[in-house]
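Report on the structure
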Amino acid sequence: MEDLRKKHWNDLYNSKRIEEVSWYQKVPQTSLDFILKSNILKNDPIIDIGGGDSFLVDFLLNKNFTDITVLDISDIAIARAKDRLGARASQVSWIVSNICDFKPNREYVLWHDRAVFHFMIEPDEINSYSKTVLKGITENGKLILGTFSEKGPERCCALNVKRYSTNELCKLFLKNFTCKNKLNTIHLTPFGREQAFSFVELIKNK
């Protein structure tokens, strides 16, 4: 049976242009600021979870990062990103996978996730994600995580979400990570609606 979650996202991407989805950002400024201030090297491996056809990968390429992986559950989203990037798509590693099924075969210096983790609402999903993060990040590697805040929406794209304050995110990963930076920010959707986000930068302990 086809993964129902994958079908949900593929149906969404089939029905909307990138400028019509609620998470669209012409410039993913908050994510870029966290990444550029993280002091990683240009050749350090980066993975963007749920990157889909986000423009983050374009900006990372423009900033001369050379080891970029984009993971998304939707093959349609990734195909759209490849089409947009053209020849530059070959400079990126692409993975089509549900994050709950992802088994990293390498460690990344920076793991970025804007708006995937908050769709993990069951304890086993949260635990699975946490274990995958632990396996997929190097010692002293960075975890940049953005979720709906405690003041954010309770649902998104017809799915329930789990909301977090910045303190709750830091506490959730406290066993294996140290919280370095926290930020609350507002995302304005293409429809003019405000969405409150929590962002944290966590460092994997030795």
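Remember, it's a predicted structure, so these values are computed and weren't measured experimentally. (Residues numbered from 1 in each chain as written. Predicted model: local features only at pLDDT ≥ 70, side-chain atom pairs only at ≥ 80, totals over all residues. Heavy atoms only, no water.)

1. Details of the overall build of the protein
Stated precisely, the cut-off is as follows: To qualify as a helix, a DSSP run of H or I must reach at least 4 residues; to qualify as a strand, a run of E must reach at least 2; elements of each kind are numbered from the N terminus. Using C-alpha atoms as the atom set, the radius of gyration is obtained and then compared with a globule rule of 2.2 Å times the number of residues to the power 0.38. Computed by Shrake-Rupley with a 1.4 Å probe, the accessible areas treat only the displayed protein chains as cover when residues are assessed. Only four residue types enter the charge count, namely Lys and Arg as positive and Asp and Glu as negative; His and the chain termini do not. To locate a charge, take NZ of a lysine, CZ of an arginine, CG of an aspartate or CD of a glutamate.
Within the protein, the regular secondary structure consists of six helices and nine strands. A globule of 206 residues ought to have a C-alpha radius of gyration of about 17 Å, and the protein, at 16 Å, matches this closely. Oriented by its inertia axes, the alpha-carbon framework of the protein measures out at about 45 × 40 × 35 Å. Within the structure as shown, the protein displays about 10300 Å² of accessible surface, and the carbon and sulfur contribution to it stands at 49%. Separation between the mean location of the 30 positive side-chain charges and that of the 26 negative ones in the protein comes to 4 Å.

2. Describing the state of the cysteines
For the record, the criterion: The disulfide criterion is simple: two cysteine sulfur atoms within 2.5 Å. Buried residues are those whose accessible area, probed at 1.4 Å on protein chains only, stays under 20% of the maximum for their type, while exposed residues exceed 50% and partly exposed ones sit between those limits.
The full count for this structure, using the stated rule, is one disulfide. Note on cysteine connectivity: Cys170 is disulfide-linked to Cys179, with sulfurs 2.4 Å apart. Free cysteine Cys100: the closest other cysteine sulfur is in Cys157, separated by 16 Å. The thiol sulfur of Cys157 is not disulfide-bonded, and the nearest other cysteine sulfur, from Cys156, lies at 3.6 Å. Look at Cys157 and you get buried, because its relative accessible area is 19%.

3. Comments concerning unusual backbone geometry
At Ala115, a position not held by glycine, the phi torsion is positive, near 80°. Along the chain, the position of Ala115 falls in the loop between strand 4 (108-114) and helix 5 (123-136). Residue class for Ala115 comes out buried when judged on its relative accessible area of 15%. Positive phi is not limited to glycine here, since Ala158 has a value of about 65°. Relative to the helices and strands, Ala158 is located in the loop between strand 6 (155-156) and strand 7 (159-160).

4. Remarks on helix 1 (residues 4-15)
Along an α-helix, a turn takes 3.6 residues, which lines up residues three or four apart on a common side. Applied cut-off: Under the convention used throughout, the expected extent of a helix is 1.5 Å for every residue step, that is, one less than its residue count. The contact criterion used is simple: two residues touch if any of their non-hydrogen atoms lie within 4.5 Å. We define a polar contact as two N or O atoms separated by no more than 3.5 Å, with the added condition that, inside protein, one atom must be a possible hydrogen donor and the other a possible acceptor, whereas residues neighbouring each other in sequence contribute only through side-chain atom pairs.
Spanning twelve residues, helix 1 covers 17 Å between terminal C-alpha atoms, matching the ideal 16 Å at 1.5 Å per step. On the buried face of helix 1, the contacting elements are strand 2 (68-72), helix 4 (75-85) and strand 7. For helix 1, the capping residue at the N-terminal end is Asp3, with a side-chain oxygen 2.8 Å from the backbone nitrogen of Arg5.

5. Let's talk about helix 4
Here is the rule we go by: Here the arc refers to the set of directions running from the helix axis out to each C-beta atom.
Among the residues making up helix 4, those that are buried are Ala77, Ile78, Ala81 and Leu85. One side of helix 4 carries all its buried residues, which in axial view fall inside an arc of 95°. Lining the buried residues of helix 4 we find helix 1, helix 3 (56-62), strand 2 and strand 3 (92-96). Measuring from the backbone nitrogen of Ile76 back to the side-chain oxygen at the start of helix 4 gives 3.3 Å, which picks out Ser74 as the cap. Positive backbone phi, at 65°, marks Gly86, one or two positions downstream of helix 4.

6. Here's the deal with the pairing of strand 9 (residues 194-204)
Note the threshold: Strands are treated as partners if at least two bridges between them are detected by DSSP.
Among the eleven residues in strand 9, ten count as buried, and that is most of the element. Bridge count between strand 5 (residues 137-148) and strand 9: seven bridges; the pairing is antiparallel. Note on strand 9: the bridge partner recorded for Gly146 is Phe199. Bridge count between strand 8 (residues 177-188) and strand 9: eleven bridges; the pairing is antiparallel. Bridge pairing links Thr178 to Ile203 in strand 9. Adjacent in sequence and paired antiparallel, strand 8 and strand 9 are bridged by five residues, among which Gly192 carries a positive phi angle near 85°.

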